[in-house]
2 protein chains.
Amino acid sequence: MIRSAAVVGTGLIGTSLALALVRRGVAVHLIDENESAARTAASLGAGTVGHPHDTVDLAVLAVPPAQVGPALGTHQARGLARAYTDVASVKSEPERGVAASGADRSTFIGGHPMAGRERSGPLAACATLFEGRSWVLTPTAATSRDTLNTALSMVALCGAVPVVMDSGAHDRAVAQVSHTPHVVSSLLAARLLHLSPDASRLAGQGLRDMVRIAGGDLRLWGDILESNAAAVADVLTELGEDLQVAVAALRSLATGDPDARAEGTTLLADLLGRGITGRDRIPGKHGHPAPACTPVRVLIGDQPGELARLLANAAELGVNIEDVTIDHSPGEESGLVELMVARPTAFSMAQSLTAAGWRVQRMRRPDTAPDPVAV
Amino acid sequence: MIRSAAVVGTGLIGTSLALALVRRGVAVHLIDENESAARTAASLGAGTVGHPHDTVDLAVLAVPPAQVGPALGTHQARGLARAYTDVASVKSEPERGVAASGADRSTFIGGHPMAGRERSGPLAACATLFEGRSWVLTPTAATSRDTLNTALSMVALCGAVPVVMDSGAHDRAVAQVSHTPHVVSSLLAARLLHLSPDASRLAGQGLRDMVRIAGGDLRLWGDILESNAAAVADVLTELGEDLQVAVAALRSLATGDPDARAEGTTLLADLLGRGITGRDRIPGKHGHPAPACTPVRVLIGDQPGELARLLANAAELGVNIEDVTIDHSPGEESGLVELMVARPTAFSMAQSLTAAGWRVQRMRRPDTAPDPVAV
């Protein structure tokens, strides 16, 4: 149970966390060496400026990785809080810093909310920043059960989902899913420095999405990459090896030699294929798999616009169609359309389309068979 | 003036173009070796299946790059159309193919609409696919004025924006803004193949955006990269050189040596800085620069929640605030907030905030001074 908290460092993450806690009734004290930042956070309704008179339930050290250990020592000595966590985007370095500081390790647990924005500072803060996001906690053998539970309460108050990992596994994971992608985004964006104005007009959403994160704060990202340098270098080295293969494949394809071209085609297809498979390793936006789909099969004639009318009718039913395939048998007048829809909605959709005059293949009721099938 | 057209190849682009033309009253004939694809396009309302009886105004060869030259020869011999264009995503190879085919080059102009979707085939087609997009046209010295004007009409009917370039400049540009980004997306996605389930839960929107295009059709992208292999290899080679520097910088940062670390920090900051600058070379989503902004300055007290109330009040006025800065002078009770808003809305916003009781710095009326300034 968290009734009071201190947030040390009122940047984007600290202020967002303070706003989330205030909204859930926690008394939050805002502490920042830059008094203007703390007052800005207070202006936003994130709490009151200054040290609390009594020991609070939780102190969040929202400071750079290298400062977590020293800050813990300082604030423990003053009796600021009963439990402490940090929000740094690497976890090994702060853990080493805490051990080196000689502070009491039982009241400390490392933390990293997987949330951020392109803008930094308290004015970019938002109480809902962590909702539905993963929040990694990295307890050590020294971390007390009470400290772990206080941190879990904080994560729950922010609407986030806790993930317990050890600090090394966390740092390798963020090198793969966050830090290396940032470097790659910068590498790609740096290639645009000498783009002609006409060429820049050809840029589409794909490129924009890929260079978006390259716009992140230079100093912040320099610090993050420095704190996780070895793990990022490892991933980037592996990526560089694939890149050399891709260049060699493309050079082979640019020659007139048929054998070289065939080898280039194979190498490139392998790379693109691994990309497609690797991409599927990432869960959907909210971490949930898509609901299981089932086909609703409809026979249509080949009058112009027939399929467009079916899709418009289906859309009116408010059912989200995940995919459509159509099979026109050669020489036949009609085609079989498969509308893939989420299993729970398939049966009622089939009934509605039938009622609207479409020739829908009959399906079993979902209550008599859990997997409706066309019969 | 285009009254009739033939679309040869009813995939995503061909069918979308046909839908756009039909909507503007053009009689469209759909031709595809795969009759089922042409019938599917017709089912969507994209035109009628089969060759026209009379010569049409425009034929669009929506076929792979290597097939443009042979298709032009075949259809010119049959008298299909008065003007021809293609939609291949590279332009040098089709241009060479047309020259080699011995076809009449005066009635041909290369074209490339900068639009696409992750899904392919006629069922992914959409009449509005090209609206607001750039559409590159690559006339040669042999292209007739009539052919250029017919192609410009087609682009206008689709609501797109024509960009005239030579084929070589086009291919170098798309290597930078489209083909290399695709390979890089695949390289990054391939790194996720061995991601642990816990690690995959840490993936955020940045990574999702960066690997989205890696999910594109393997065969289609293999063909595109093969057709522009040399230009993509050049850009990727330059990117690989920067990547090696980044790895070396990270390895230096991972050592304990202060000199090496300092050098690593400098190299990394240079790369990230070039990324930020390069990213700014891409115009905004619709190719327009953001409207010029001007500050509206408001004095606020330091009561908790004061800034949140101001931002809420400003939001109620429906004005889009581009940026906010706040200056709390140390020891003073009030802060000066600068709300950056589009110039045309600044004056009325200042008046409304004043009327709502806020202490707004006075601004000149926009009609007496084109650049309103605080006085």
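Residues numbered from 1 in each chain as written. Chains lettered and ligands numbered in written order. Predicted model: local features only at pLDDT ≥ 70, side-chain atom pairs only at ≥ 80, totals over all residues.

1. Brief notes about the overall build of chain A
Phase 1: Counting its secondary structure elements, chain A contains 13 helices and 12 strands.
Phase 2: Relative to the compact-globule value of 21 Å for 375 residues, chain A shows a C-alpha radius of gyration of 28 Å, a clear excess of over 25%.
Phase 3: Expressed as lengths along the three principal axes of its C-alpha atoms, the size of chain A is roughly 85 × 60 × 45 Å.
Phase 4: Across the 375 residues that make up chain A, the buried fraction comes to 49%. (Helix = DSSP H or I, 4+ residues; strand = E, 2+ residues; numbered from the N terminus. Rg over C-alpha atoms; globule rule 2.2 N^0.38 Å. Buried ≥ 20, exposed ≤ 12 C-beta atoms within 10 Å, placed from the backbone.)

2. Overview of the domain arrangement of chain A
Residues and elements named next belong to chain A.
Phase 1: Here the domain parsing of chain A yields domain 1 (4–165), domain 2 (171–250) and domain 3 (293–360).
Phase 2: For domain 1 versus domain 2, the distance between C-alpha centres works out to 29 Å.
Phase 3: Opposite the nine residues of domain 1 that make contact, domain 2 presents 10 residues. (Domains from an automatic or database assignment. Contact = placed C-beta atoms within 7 Å.)

3. Observations concerning the pairing of strand E8 (residues 161–164) of chain B
All names here are of chain B.
Phase 1: Here strand E7 (residues 134–138) runs beside E8; their pairing, made up of four bridges, is parallel. In the strand pairing of E8, tryptophan 135 is matched with proline 162.
Phase 2: At this point the chain moves from E7, through helix H5 (residues 145–157), to the parallel E8, and the crossover so formed is right-handed. (Pairing = 2+ DSSP bridges. Right-handed = clockwise from strand over helix to strand, strands pointing away.)

4. Focus on the interface of chain B and chain A
Phase 1: Between chain B and chain A, the residue contacts involve 103 residues of the former and 103 residues of the latter.
Phase 2: Grouping the constituent residues of the side of chain B that touches chain A by class yields 58 nonpolar, 28 polar and 17 charged. (Nonpolar A, V, L, I, M, F, W, Y, C, P; charged D, E, K, R; others polar.)

5. Observations regarding the relation of the copies chain B and chain A
Superposition of the two copies of the chain requires a rotation about an axis and a shift along the axis.
Phase 1: Rotating chain B by 180° about the axis while translating it 0.0 Å along that axis superimposes it on chain A, leaving an RMSD of 0.1 Å. Those values place the two copies in the arrangement expected of a two-fold rotation axis. For chain B, the smallest separation between a C-alpha atom and the rotation axis is recorded for B:Met210, amounting to 2.3 Å.
Phase 2: Most of the interface of chain B is mirrored in chain A, where 100% of its interface residues again form contacts. (Least-squares fit on C-alpha atoms with pLDDT ≥ 70 in both.)

6. Details of the sheet that holds strand E1 (residues 4–8) of chain B
Residues and elements named next belong to chain B.
Phase 1: Pairing is mixed in the open sheet, where eight strands are placed in the order E3-E2-E1-E4-E5-E6-E7-E8. This sheet does not close on itself; its edge strands, each paired only once, are strand E3 (48–49) and E8.
Phase 2: With two bridges connecting them, strand E2 (residues 27–31) and E3 associate as parallel partners. Looking across to E3, one finds that leucine 30 is bridged to valine 49.
Phase 3: Packing of H5 onto the sheet brings it into contact with strand E4 (58–61), strand E5 (84–86), strand E6 (108–113), E7 and E8, and relative to E6 it is tilted by some 25°. (Axes fitted to C-alpha atoms, helices over the stretch in contact; angles between N-to-C directions.)

7. Some details on the packing of helix H6 (residues 167–190) of chain B against helix H10 (residues 229–254) of chain B
Residue and element names in this part refer to chain B.
Phase 1: Closest axis-to-axis distance for the H6/H10 pair is 9 Å, and the angle between their directions is 60°. Considering the angle they form, H6 stands oblique to H10. When you trace H6 past H10, the crossing you get is right-handed. Residue-level contacts link Asp171, Arg172, Ala175, Gln176, His179, Thr180 and Val183 of H6 to Ala231, Val232, Val235, Leu236 and Leu239 of H10. (Parallel < 35°, antiparallel > 145°, perpendicular 65-115°, else oblique. Left-handed = near helix turned anticlockwise from the far one by under 90°.)

8. Things to note about the environment of A:Pro113
Phase 1: One can find A:Pro113 in strand E6 (residues 108–113).
Phase 2: Taking the number of C-beta atoms within 10 Å as the measure of exposure, A:Pro113 has 20 and is therefore buried.

9. Focus: the pairing of strand E7 (residues 134–138) of chain A
All names here are of chain A.
Phase 1: Along E7, five of the five residues are buried, which leaves the element largely enclosed by surrounding structure.
Phase 2: Judged by which residues are buried, E7 turns out to be covered on both faces: Ser134, Val136 and Thr138 on one side and Trp135 and Leu137 on the other are all buried.
Phase 3: Pairing geometry for E6 and E7, over four bridges, is antiparallel. Following the sheet pairing, glycine 111 is matched in E7 by leucine 137.

10. Observations regarding helix H2 (residues 35–43) of chain A
Residue and element names in this part refer to chain A.
Phase 1: Within H2, seven of the nine residues are buried, which leaves the element mostly enclosed by the surrounding structure.
Phase 2: Along H2, the residues classified as buried are Ala37, Ala38, Arg39, Thr40, Ala41, Ala42 and Ser43.
Phase 3: Where H2 terminates, the next one or two residues include glycine 45, which has phi positive at roughly 90°.

11. As for the sheet that holds E6(A)
Phase 1: Spatially, the eight strands line up as an open sheet ordered E3-E2-E1-E4-E5-E6-E7-E8 (chain A), and their pairing is mixed. The open sheet terminates on both sides in strands that have one partner only, identified here as strand E3 (48–49) and strand E8 (161–164) of chain A.

12. With respect to the environment of B:Val177
Phase 1: Here B:Val177 lies in helix H6.
Phase 2: Here the alpha-carbon distance between B:Val177 and B:Thr143, two residues 34 residues apart in the chain, equals 27 Å.
Phase 3: Apart from residues lying up to four places away in sequence, B:Val177 is in contact with A:Ala199, A:Leu202, A:Ala203 and A:Leu207.

13. Some remarks on the confidence of the model for chain A
Residue and element names in this part refer to chain A.
Phase 1: Overall, the prediction assigns chain A a mean pLDDT of 88, with 91% of residues at 70 or greater.
Phase 2: This model gives residues 285–290 a pLDDT under 50, and the stretch forms four contacts once residues within four places in sequence are excluded.
Phase 3: When the criterion is pLDDT under 50, residues 367–375 qualifies, and its contacts beyond four places in sequence or with other chains add up to 14 contacts.
Phase 4: As scored by the predictor, the complex reaches a pTM of 0.73 and an ipTM of 0.73. (pLDDT = per-residue confidence, 0-100.)

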